[in-house]
Amino acid sequence: MSLLPLVEAVDSFPYDSNEYHYTFISHDGHPLGYMTPESAKGFKYCSQAELFDVNDQKRTVTMSPNLDTFEKRSKVIAELASEWKSKDPLVAKGWRDELYVVFSPRTVPYFTVERAFSGPLGVVTYGVHINGIVPASKSSNGKTKMWVPRRSKTKATYPGKLDNTIAGGVAYPLGLWDNVIKECYEEGGMSKEFVEPRLTSAGVISYLCQPYGPKGDAQPEVEYIYDLVFESETEYQPEPVDGEAEEFRLMDLDEVLERMKNGEFKPNCTLVIVDFLIRHGIITPENEENYLEIVSRIHRRFPFATRN
């Protein structure tokens, strides 16, 4: 079985055309994201409508030139997020009181946005995903193993699905490394002292998904990947602290791959595992007929500015 269908299910936004979604544009003319016609219409009739130009012919929503500072833009977006929360069940359900940063132009913070409101705006979001592994040389059966949590059944998204060892959004104002350390403790009970000597940056993946179908929110996402190496199977067992995971199990990569093919993992987490399997020579051009397509699809280039 090729793994390409699992990748396509996540990197699902069309490559060749964008005839449905509106482009969200900065006050100085840079594209920020894709939003649905329903979201664009919401900008026409929101309390801050005078600060946005909605052009149905060009299919654009452009921020006013008056929104010329980070603070002004962040304030207006926060007010709109609260307004959307009162009328959009998906925004209300996903509300985290957690801020993401949108960048424009490249690497420059443009405004902050409540995490749950990033979907309707269609802006690029960022996460950190950590693969907790026991190397083959340190495992009981000579095979590489991975710590795999099961998401809480009370999670707002993908309850009960399997997940990457640790994963979380890049919350403002913390940087990437500080977010990794924070998430490792909150989701797995692992201290900074335990994590830092064992953690290495392992690259990045990117994709543009539509979790609610082809006419739903467009969500360009970037995940920064880290490998966390455990010295033995018994050195430390991750344990949930914040309740986002129900349990952790140590699985051979064969079992991880099989469960992934069966659709047991949260969809975007499969891409992190695919990336791991490629980096470690388990998925190769010889055993995966769509190797080049898969590598390309998990490193998608966006028409929007991003962080570094």
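Residues numbered from 1 in each chain as written. Predicted model: local features only at pLDDT ≥ 70, side-chain atom pairs only at ≥ 80, totals over all residues. Heavy atoms only, no water.

By the naming in an unreviewed UniProt entry, the protein chain is Nudix hydrolase domain-containing protein, taken from Candidozyma auris.

**A word on the side chain of Asp252**
With respect to the helices and strands, Asp252 occurs in strand β12 (residues 245–252). Reaching out from Asp252, the side chain makes a polar contact with the side chain of Asn141 at a distance of 3.1 Å. Setting aside residues up to four positions removed in sequence, Asp252 forms contacts with Asn141, Lys143, Thr144 and Lys145. (Helix = DSSP H or I, 4+ residues; strand = E, 2+ residues; numbered from the N terminus. Polar contact = N/O pair within 3.5 Å; in protein donor to acceptor, adjacent residues only side chain to side chain. Contact = heavy atoms within 4.5 Å.)

**Notes on the packing of aromatic side chains**
In total, this model carries 13 aromatic pairs according to the counting rule given. Residues Trp84 and Phe117 carry aromatic rings whose centres are separated by 5.2 Å and whose planes lie at 50° to one another, so their mutual orientation is tilted. Linking Trp84 in helix α3 (residues 70–85) with Phe117 in the loop between β6 (109–114) and α5 (118–121), this pair joins segments that are 33 residues apart in sequence. When its relative accessible area of 4% is taken as the criterion, Trp84 is described as buried. A centroid spacing of 5.7 Å and a plane angle of 55° characterise the contact between Tyr110 and Phe111, whose relative ring orientation is tilted. As far as burial versus exposure is concerned, Tyr110 and Phe111 are alike and both buried. Joined through ring pairs, the aromatic side chains of Phe24, Phe43, Phe52, Trp84 and Phe117 make up one cluster. The positively charged end of Arg300 is found above the aromatic ring belonging to Tyr15, 3.6 Å away from the centroid. (Phe/Tyr/Trp six-rings, centres within 6.5 Å; stacked < 30°, edge-to-face > 60°. Buried < 20%, exposed > 50% of the residue type's maximum accessible area, 1.4 Å probe, protein only. Lys NZ or Arg CZ within 6 Å of the ring centre and 35° of its normal.)

**Description of α3**
Its 16 residues place the ends of α3 22 Å apart at the C-alpha level, agreeing with the 22 Å of an ideal helix rising 1.5 Å per residue. Those residues of α3 lying buried are Phe70, Arg73, Ser74, Val76, Ile77, Leu80, Ala81, Glu83 and Trp84. Buried residues belonging to α3 abut α2 (37–44), β3 (52–55), β4 (60–63), α4 (89–94), β6 and α5. (Expected span 1.5 Å × (residues − 1).)

**Let's talk about the domain arrangement of the protein chain**
Taken as a whole, the protein chain is organised into domain 1 (3–12 + 125–298) and domain 2 (22–118). Computed from C-alpha atoms alone, the centre-to-centre distance between domain 1 and domain 2 is 29 Å. Counting from both sides, the interface comprises 14 residues of domain 1 and, opposite them, 15 residues of domain 2. Between domain 1 and domain 2, roughly 1,200 Å² of surface is buried when both sides are summed, and carbon and sulfur atoms account for 61% of that area. When residues of domain 1 are sorted by the area they lose upon contact with domain 2, Tyr126, Ala156 and Tyr172 head the list and together hold 38% of the total. For the pair domain 1 and domain 2, the interface holds 0 salt bridges. At the boundary of domain 1 with domain 2, the tally comes to 1 residue pair in polar contact (both at pLDDT 80 or more). Here the side of domain 1 that touches domain 2 is composed, by residue class, of 8 nonpolar, 3 polar and 3 charged. (Domains from an automatic or database assignment. Buried area = accessible area lost by both parts, 1.4 Å probe. Salt bridge = Lys/Arg side-chain N within 4 Å of Asp/Glu carboxyl O. Nonpolar A, V, L, I, M, F, W, Y, C, P; charged D, E, K, R; others polar.)

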